[in-house]
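One-letter residues, chain by chain:
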Amino acid sequence: MATKAKYSARKRRHQRLRKRIVGTVERPRLAVARSNRNMVAQIIDDSAGTTLAYASSLEADFPSDLENKVAVAREVGERLGKRAVDAGISAVVLDRAGNKYHGRVAAVADGAREAGLAL
């Protein structure tokens, strides 16, 4: 029961956040998805409903020698930031999907900042 309550509480927090956070053409939304093993991040223009850039730890050329999950998340953020800058995106708004801004979610944001994105 505890797992179900935790999942539904995160979904409620995410719905509450999404009322305020909307990706526009000038400032698209950086959506972070976190599972137990992997990190996925994408930059979304909600007005057009399109994904502008994407990075994941599931990619074929992703390094497997990283020491922990936070390092994996930082690498995902750096890859996404580089791809976004190449696509002409300079600023995004962070959608943390109901998760705390801590640990792997913060590492994705920090990696994206290092690559040149403004959050």
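Structural notes, computed from the coordinates. (Residues numbered from 1 in each chain as written. Predicted model: local features only at pLDDT ≥ 70, side-chain atom pairs only at ≥ 80, totals over all residues. Heavy atoms only, no water.)

A few points about the overall build of the protein chain
Now for step 1: Within the protein chain, the secondary structure is distributed over 3 helices and 4 strands.
Now for step 2: Here the protein chain has a C-alpha radius of gyration of 14 Å; the compact-globule value for 119 residues is 14 Å, and the two agree.
Now for step 3: Projected onto its principal axes, the C-alpha positions of the protein chain cover 45 × 40 × 20 Å.
Now for step 4: Across the 119 residues of the protein chain, 39% fall into the buried class.
Now for step 5: Look at the contacts in the protein chain between residues 6 or more apart in sequence, and 60% of them connect residues 24 or more apart.
Now for step 6: Total accessible area on the protein chain is roughly 7100 Å²; 51% of this is exposed by carbon and sulfur atoms.
Now for step 7: If you average the places of the 23 positive and of the 13 negative side-chain charges in the protein chain, the two averages end up 14 Å apart. (Helix = DSSP H or I, 4+ residues; strand = E, 2+ residues; numbered from the N terminus. Rg over C-alpha atoms; globule rule 2.2 N^0.38 Å. Buried < 20%, exposed > 50% of the residue type's maximum accessible area, 1.4 Å probe, protein only. Contact = heavy atoms within 4.5 Å. Areas by Shrake-Rupley, 256 points an atom, 1.4 Å probe, with all protein chains shown as cover. Lys, Arg positive; Asp, Glu negative; His and termini not counted. Charge placed at Lys NZ, Arg CZ, Asp CG, Glu CD.)

Observations regarding the sheet that holds strand E4 (residues 93-95)
Now for step 1: Ordered by their spatial adjacency, 4 strands build an open sheet running E3-E2-E1-E4, and the pairing between neighbours is mixed. Because the sheet does not close on itself, it has two edges, and the strands there are strand E3 (50-56) and E4. Along the sheet, successive strands turn relative to each other by an average axial angle of 20 degrees, direction set aside.
Now for step 2: Strand direction decides the pairing type here: strand E1 (residues 29-34) and strand E2 (residues 39-45), joined by 6 bridges, are antiparallel. Bridge pairing in E2 places Val-32 opposite Ala-41.
Now for step 3: Together, E1, E2 and E3 form the strand contacts of helix H2 (residues 69-86), whose direction differs from that of E3 by roughly 145 degrees.
Now for step 4: Sheet strands in contact with helix H3 (residues 104-114) are E1, E2 and E4, and its direction is about 140 degrees off that of E1. (Pairing = 2+ DSSP bridges. Axes fitted to C-alpha atoms, helices over the stretch in contact; angles between N-to-C directions.)

A look at the nonpolar core
Now for step 1: Grouped together as the largest cluster of nonpolar side chains are 22 residues, with contacts concentrated most on Leu-30, Val-32, Ile-43, Leu-80 and Leu-117.
Now for step 2: Within the residue set of this core, elements represented by two or more residues are E1, E2, E3, H2 and H3.
Now for step 3: Beyond its immediate stretch of four places on either side in the chain, Ile-43 contacts Pro-28, Arg-29, Leu-30, Thr-50, Thr-51, Leu-52, Ala-53, Leu-80, Ala-84, Ile-89, Val-92 and Leu-117. (Core = buried A, V, L, I, M, F, W, Y, C linked by side-chain atoms within 4.5 Å.)

Here we look at the packing of H2 against H3
Packed helices, taken two at a time, are described by the angle their axes make and the gap between the axes.
Now for step 1: Interaxial distance between H2 and H3 falls to 7 Å at its minimum, and their mutual angle equals 35 degrees. Pair H2 / H3 crosses with right-handed handedness. Contacts between H2 and H3 involve Lys-69, Val-70, Ala-73, Arg-74, Gly-77, Glu-78 and Gly-81 on the former and, on the latter, Arg-104, Ala-107, Val-108, Asp-110, Gly-111, Ala-112 and Glu-114.
Now for step 2: Residue classes in the contact of H2 with H3 are distributed as 5 nonpolar, 3 polar and 6 charged. (Left-handed = near helix turned anticlockwise from the far one by under 90°. Nonpolar A, V, L, I, M, F, W, Y, C, P; charged D, E, K, R; others polar.)

Focus: the pairing of E1
Now for step 1: Connecting E1 to the next strand, E2, in antiparallel fashion are 4 residues.
Now for step 2: Here 3 bridges tie E1 to E4, and the two strands are oriented parallel to one another. Looking at E4, one finds that Leu-30 is bridged to Leu-94.

Keep in mind these numbers describe shape, not what the thing actually does.
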